Amino acid sequence: MDSEDDTRDSADEDFYSGGEAGLALSDDGDADYDFADRDSDDSDDLISHRQQQNYSVLSETDIKQHQADDMNRVSTVLSISKSEACALLRSYNWSVSKVHDEWFVDEARVRTAVGLPEKQNEMPNERELTCGICFESCPRESMGAASCGHPFCGVCWRGYISTAINDGPGCLMLRCPDPSCSAAVGQDMVNLFASDEDKGKYERYLCRSYIEDNRKTKWCPAPGCEYAVEFVVGSGSYDVSCGCSYGFCWNCTEEAHRPVDCSTVSKWILKNSAESENMNWILANSKPCPKCKRPIEKNQGCMHITCTPPCKFEFCWLCLGPWSDHGERTGGFYACNRYEAARQEGAFDDSERRREMAKNSLERYTHYYERWAANQSSRQKALGDLQSLQNDKLEKLSDIQSQPESQLKFIIEAWLQIVECRRVLKWTYAYGYYLPDHEHAKRQFFEYVQGSYFSYCRFHSKYLSLKGILLLLLIQVKQNLVWNAFISVRRKNFRSISMQTAHLKILMTSVQSWLD
């Protein structure tokens, strides 16, 4: 017994000194941090598994490096300059393999199509040459020519290149100013004659062309994001996560929507933005004025309707007849005998049926859209809570629990799972909206799974809230302090009891104030 008490006291000292035993004590007095370490290893394995992805995020530096590597490969294999390699890659959408295939099949045809003469033509070896644009005679040193050898003065080259760059990305396919020549004007000529500002624009166009013309790369669609994503086509899931934390579908560039297919997402987004639902609402909740045909909504009151100026036509809401023909004999202000009689004869069947169908369709769409939007809002809130937890709350949790933040990273993983749950749950409502009504078994199973998933998400969201985490940690700390007090009673160390009680009061006060 004395040995056990000594062991517990050693644990007490570790707890108050901020040691590892403050979290949880085992029967032999050792801290249970072995479990935390194993959890950490499992979490590392999970993260390592997630990093084995079929895409890579590219920054501007990465894009330029990829460009340079591709140009070096083509230049080395084909024994051409880097400027010519750049022109070839641009013409074949930055596909190195396609450049090699086309080049070795018919080099002459490729050179003609791209504008690369077989041999470099030099300018005439004369002291003065005539510019082909301004027709001024200029010293040979101030002239310049592309691979075709047509001479133009530096001023004309500068103006020609500047105009092309300011016109947009078409400058990447610039050709010789001579109308009869189709030789390519490459990046070497731009670097030689363009201003620094124009050079910067040209490099940006070149960088963007590498992403936009390449079928393996796309820009992240998030507003303001400058990252690109390189994807291994045909490698399974299309869901990618950019360096800006925005997740999107590679195939359709919409927000990540797995497991719902892209066509369903496209139809759902189009329906949300289309005017068809507005027309359905008008048809379901209004009737046209019998005189001016403007739609009128009635949400309360009697059946006596007066159209707005300048029409001011008065009519019955039920039968749409003039109100002058109505009165006590036709049912008064809240009924219409003429409408009931005509309805029994089938006079209003078609219009009522159309209105009822439109109302049912609108109610069904509203049901799914409201829940879709609610889960989107919940996901945004979860993302905000996650960011707050990462920026501020995790540090406070670490101080309260006397643990390093690395031991609490499981909370971040849990919040990420909640965000993912909300995303999946949101898109299940788009899937459910387009699920055929006649497939009853499939719909019942879908609604069962969706309900279970919703309950799971709500349960974990509740217990992963910041207050829930803090209260669980507080309970754990209180259990440790109560045990320490119990050991002190057994050893008649009343001074230790008072210290532990004071510590518990301070801790509870600080946590409660932070929760409030």
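Residues numbered from 1 in each chain as written. Predicted model: local features only at pLDDT ≥ 70, side-chain atom pairs only at ≥ 80, totals over all residues. Heavy atoms only, no water.

- Looking at an unreviewed UniProt entry, one finds the protein named RBR-type E3 ubiquitin transferase, with Aegilops tauschii subsp. strangulata as its source organism.
- Entered under Pathway (unreviewed entry) in the UniProt record, the comment concerning the protein runs "Protein modification; protein ubiquitination." (UniProt positions renumbered as here; feature names shortened; annotations may be inferred.)

### Let's talk about the pairing of strand 7 (residues 228-231)
Link 1 in the chain: In this sheet, strand 7 lies alongside strand 1 (residues 55-58) in antiparallel orientation, the contact comprising four bridges. When the sheet's bridge partners are listed, Val57 is paired in strand 7 with Val229.
Link 2 in the chain: Two elements, strand 6 (residues 217-219) and strand 7, share three bridges in a ladder whose sense is antiparallel. The residue of strand 7 that forms the bridge with Trp219 is Ala228. (Pairing = 2+ DSSP bridges. Helix = DSSP H or I, 4+ residues; strand = E, 2+ residues; numbered from the N terminus.)

### What to know about unusual backbone geometry
Link 1 in the chain: Residue Pro259 is bonded to the preceding Arg258 through a cis peptide linkage, with omega at 15°.
Link 2 in the chain: A cis amide bond, omega 5°, links Pro309 with the succeeding residue Pro310.
Link 3 in the chain: Residue position: Pro310 is located in the loop between strand 12 (304-306) and strand 13 (314-316).
Link 4 in the chain: A positive phi angle, near 60°, is found at Trp94, a position not held by glycine.
Link 5 in the chain: By the element assignment, Trp94 lies in the loop between helix 4 (82-91) and helix 5 (96-105).
Link 6 in the chain: By relative accessible area, Trp94 is classed as buried at 3%.
Link 7 in the chain: Of note, Thr253 is a non-glycine position whose phi angle comes to about 60°, a positive value. (Buried < 20%, exposed > 50% of the residue type's maximum accessible area, 1.4 Å probe, protein only.)

### Some remarks on the nonpolar core
Link 1 in the chain: Counting residues in hydrophobic clusters, the biggest one holds 52 residues, and the most contacted among them are Ile63, Val74, Leu88 and Ile161.
Link 2 in the chain: If near-sequence neighbours (up to four positions away) are discounted, Ile63 is found in contact with Leu58, Cys207, Tyr210, Ile211, Trp219 and Ala228.
Link 3 in the chain: Of all hydrophobic cores here, the second largest spans 14 residues; its members include Cys289, Cys316, Trp323 and Tyr339. (Core = buried A, V, L, I, M, F, W, Y, C linked by side-chain atoms within 4.5 Å. Contact = heavy atoms within 4.5 Å.)

### Let's talk about the environment of Leu129
Link 1 in the chain: By the secondary structure assignment, Leu129 is in strand 2 (residues 128-130).
Link 2 in the chain: Between the alpha carbons of Leu129 and Pro139 there is a distance of 6.3 Å; along the sequence they are 10 residues apart.
Link 3 in the chain: Setting aside its immediate chain neighbours within four residues, Leu129 contacts Met123, Pro124, Glu136, Ser137, Cys138, Arg140, Met143 and Pro151.

### Description of the packing of aromatic side chains
Link 1 in the chain: Applying the stated criterion across every chain yields a total of 20 aromatic pairs.
Link 2 in the chain: Consider the rings of Trp94 and Tyr210, whose centres lie 5.2 Å apart with planes at 70°: the pair is edge-to-face. In this pair, Trp94 sits in the loop between helix 4 and helix 5 while Tyr210 sits in helix 9 (residues 196-212), placing the two residues 116 residues apart along the sequence.
Link 3 in the chain: Geometrically, the ring pair formed by Tyr433 and Tyr434 is edge-to-face, given 5.0 Å between the ring centres and 90° between the ring planes.
Link 4 in the chain: In this structure, Arg364 packs its charged tip against the face of Tyr433, placed 4.6 Å from the ring centre. (Phe/Tyr/Trp six-rings, centres within 6.5 Å; stacked < 30°, edge-to-face > 60°. Lys NZ or Arg CZ within 6 Å of the ring centre and 35° of its normal.)

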